[in-house]
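Descriptive structure summary
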Amino acid sequence: MSARSRVLVVDDEVPVCKSMAAALVDQNREVDTALSGEEALAKDMTSPFDVVVVDLMMPGVSGMDLLKAIKERRPDVAVIMVTGYPSIKSAVQAIKLGAFDYIPKPFTPAELRSLEARAEERIRVLRPAREAEQEEPLRVMPAGLYAIAAHCWAKPMEEGTVQVGMHHIFQMSVRRIVAIQLPDVNSAVNQGEVLALVSGYDRNVYRLWAPVSGTVVAVNEALKSHPEIASRDPYGEGWLVLIRPSRLEEDLKNLVRS
């Protein structure tokens with residue numbers, strides 16, 4: 001990624017498109033806009049963007065159509081889906097198809113900026129690693145886990161609970177984690193909604209989505225005083241919560257499996 005990143009904001013509503021673009025403009029970021037999926041595809045074909053922020057529900061070429069078309073040509077591009085749709089299911093499916101993440105409406109300019117910054121950081125970290133010749137392979141998610149890709153993972157346990165943790169790519173895109181706010185025991189969670197809040201050294205707060213629905217039965221107390229464990233061992237001691245699932249079979253269909 002170049003020193004000045006290029007971002008495309010796509011929304012068929014002019015005021016919304018302009019407000020999102022205004023929230024993202026700064027001296028290190030070039031921001032352009034498109035009012036349709038067709039216009040976005042044409043602009044990206046002419047001069048590719050690093051990050052694309054697109055409304056999920058648009059007439060004609062929808063946000064999902066745009067995601068598929070762009071990722072087919074350029075797998076490394078980070079696509080952020082904006083959703084105001086009552087169901088989060090489509091947004092979770094978008095990540096399964098290659099979206100970087102999604103942000104549900106309503107959201108603040110700060111929330112959009114923090115998510116876009118995490119997208120840029122993932123590109124910064126992963127692109128050189130993939131292009132370089134390395135003696136050791138890139139880290140991968142262990143076998144047998146389900147995940148909202150590059151976000152969080154779920155591991156069904158023998159006793160009927162599901163262990164949940166942070167995907168290593170999410171951790172890498174936050175860089176240094178300084179705090180993790182976990183849900184309360186006995187609280188209800190729904191797939192695709194906020195499970196935990198992760199604070200980075202840059203003072204941004206990032207939302208981690210729940211991979212499955214159910215009731216929280218335990219949390220990793222060690223992370224409250226030592227959040228760095230989630231970075232050091234995201235698939236082991238750095239687990240986040242245990243959930244008693246309420247619709248596991250249905251939820252797993254929306255996740256990718258290692």
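See the structure above.
Basis of the calculations
- Residues numbered from 1 in each chain as written.
- Predicted model: local features only at pLDDT ≥ 70, side-chain atom pairs only at ≥ 80, totals over all residues.
- Heavy atoms only, no water.
- Helix = DSSP H or I, 4+ residues; strand = E, 2+ residues; numbered from the N terminus.
- Buried < 20%, exposed > 50% of the residue type's maximum accessible area, 1.4 Å probe, protein only.
- Axes fitted to C-alpha atoms, helices over the stretch in contact; angles between N-to-C directions.
- Parallel < 35°, antiparallel > 145°, perpendicular 65-115°, else oblique.
- Left-handed = near helix turned anticlockwise from the far one by under 90°.
- Contact = heavy atoms within 4.5 Å.
- Nonpolar A, V, L, I, M, F, W, Y, C, P; charged D, E, K, R; others polar.
- Phe/Tyr/Trp six-rings, centres within 6.5 Å; stacked < 30°, edge-to-face > 60°.
- Lys NZ or Arg CZ within 6 Å of the ring centre and 35° of its normal.
- Pairing = 2+ DSSP bridges.
- Core = buried A, V, L, I, M, F, W, Y, C linked by side-chain atoms within 4.5 Å.

1. Quick word on unusual backbone geometry
- Lys105 connects to Pro106 through a cis peptide bond whose omega is -5°.
- As for its placement among the helices and strands, Pro106 is situated in the loop between strand 5 (101–104) and helix 5 (109–131).
- Even without a glycine there, the phi angle at Asn186 is positive, about 80°.
- For Asn186, a relative accessible area of 64% translates into the label exposed.
- In this structure, Arg203 is a non-glycine residue whose phi angle is positive, near 75°.
- By the secondary structure assignment, Arg203 is in the loop between strand 11 (194–200) and strand 12 (205–209).
- Exposure remark for Arg203: the relative accessible area of 80% places this residue in the exposed category.

2. Re the packing of helix 2 (residues 37–46) against helix 3 (residues 63–73)
- Interhelical geometry of helix 2 versus helix 3 gives an angle of 15° and a closest axis separation of 10 Å. If you check the angle between helix 2 and helix 3, you find them roughly parallel. The element helix 2 and its partner helix 3 pack so that their crossing is right-handed. Judged by residue contacts, Gly37, Ala40, Leu41, Asp44 and Met45 of helix 2 engage Leu66, Ala69, Ile70 and Arg73 from helix 3.
- Among the residues making up the contact of helix 2 with helix 3, the classes are represented as six nonpolar, one polar and two charged.

3. Thoughts on the environment of Val185
- Position of Val185 relative to the elements: it lies in the loop between strand 9 (177–181) and strand 10 (188–189).
- Spatially, the C-alpha atom of Val185 lies 27 Å from that of Pro142, the residues being 43 residues apart in sequence.
- Each residue touching Val185, except ones within four places of it in the same chain, is listed here: Val216, Val217, Ala218 and Val219.

4. Examining the packing of aromatic side chains
- Counting across every chain of the model gives two aromatic pairs.
- Relative to Trp209, the ring of Tyr102 has its centre 4.7 Å away and its plane inclined at 5°; by these criteria the two rings are stacked. Residue Tyr102 is found in strand 5, and its partner Trp209 is found in strand 12; the two are separated by 107 residues along the sequence. Accessibility classification places Tyr102 together with Trp209 in one group, the buried group.
- Each ring, one from Trp153 and one from Tyr235, has its centre 5.9 Å from the other, and the planes form 40°; the classification is tilted. Of this pair, Trp153 sits in strand 7 (residues 152–156) while Tyr235 sits in the loop between helix 8 (229–232) and strand 14 (241–245), placing them 82 residues apart in sequence.
- On the basis of relative accessible area, Trp153 is assigned to the buried category, the value being 1%.
- Directly above the ring of Phe49 sits Arg6, whose terminal nitrogen or CZ lies 4.2 Å from the centroid.

5. Structural notes on the sheet that holds strand 11
- Read across the sheet, three strands follow the order 9-11-12 without closing on themselves; strand pairing throughout is antiparallel. In the strand order of this sheet, the two ends are held by strand 9 and strand 12, each with one partner. Sheet twist, expressed as the average angle between the axes of neighbouring strands with direction ignored, equals 25°.
- Relative to strand 11, strand 9 runs antiparallel, the two sharing four bridges. Paired with Ile180 across the strands is Val198, a residue of strand 11.

6. Points about the sheet that holds strand 5
- Strand order in the open sheet formed by five strands is 2-1-3-4-5, with parallel pairing between adjacent strands. The sheet terminates laterally at strand 2 (29–34) and strand 5, the two strands that pair on one side only. Here the average twist between neighbouring strands, direction ignored, is 20°.
- Of the pairings in the sheet, the one linking strand 1 (residues 5–10) to strand 2 comprises six bridges and is parallel in character. Across the sheet, Leu8 pairs through a bridge with Asp32, a residue of strand 2.

7. Some remarks on the nonpolar core
- Counting residues in hydrophobic clusters, the biggest one holds 54 residues, and the most contacted among them are Val10, Val52, Met81, Met166, Ile180 and Val241.
- Setting aside residues no more than four positions away along its own chain, Val52 makes contact with Leu8, Val10, Leu66, Ile70, Val77, Ala78, Val79 and Ile80.
- One finds Cys17, Leu24, Val53 and Ala119 within the second-largest nonpolar core, a separate group that totals 18 residues.

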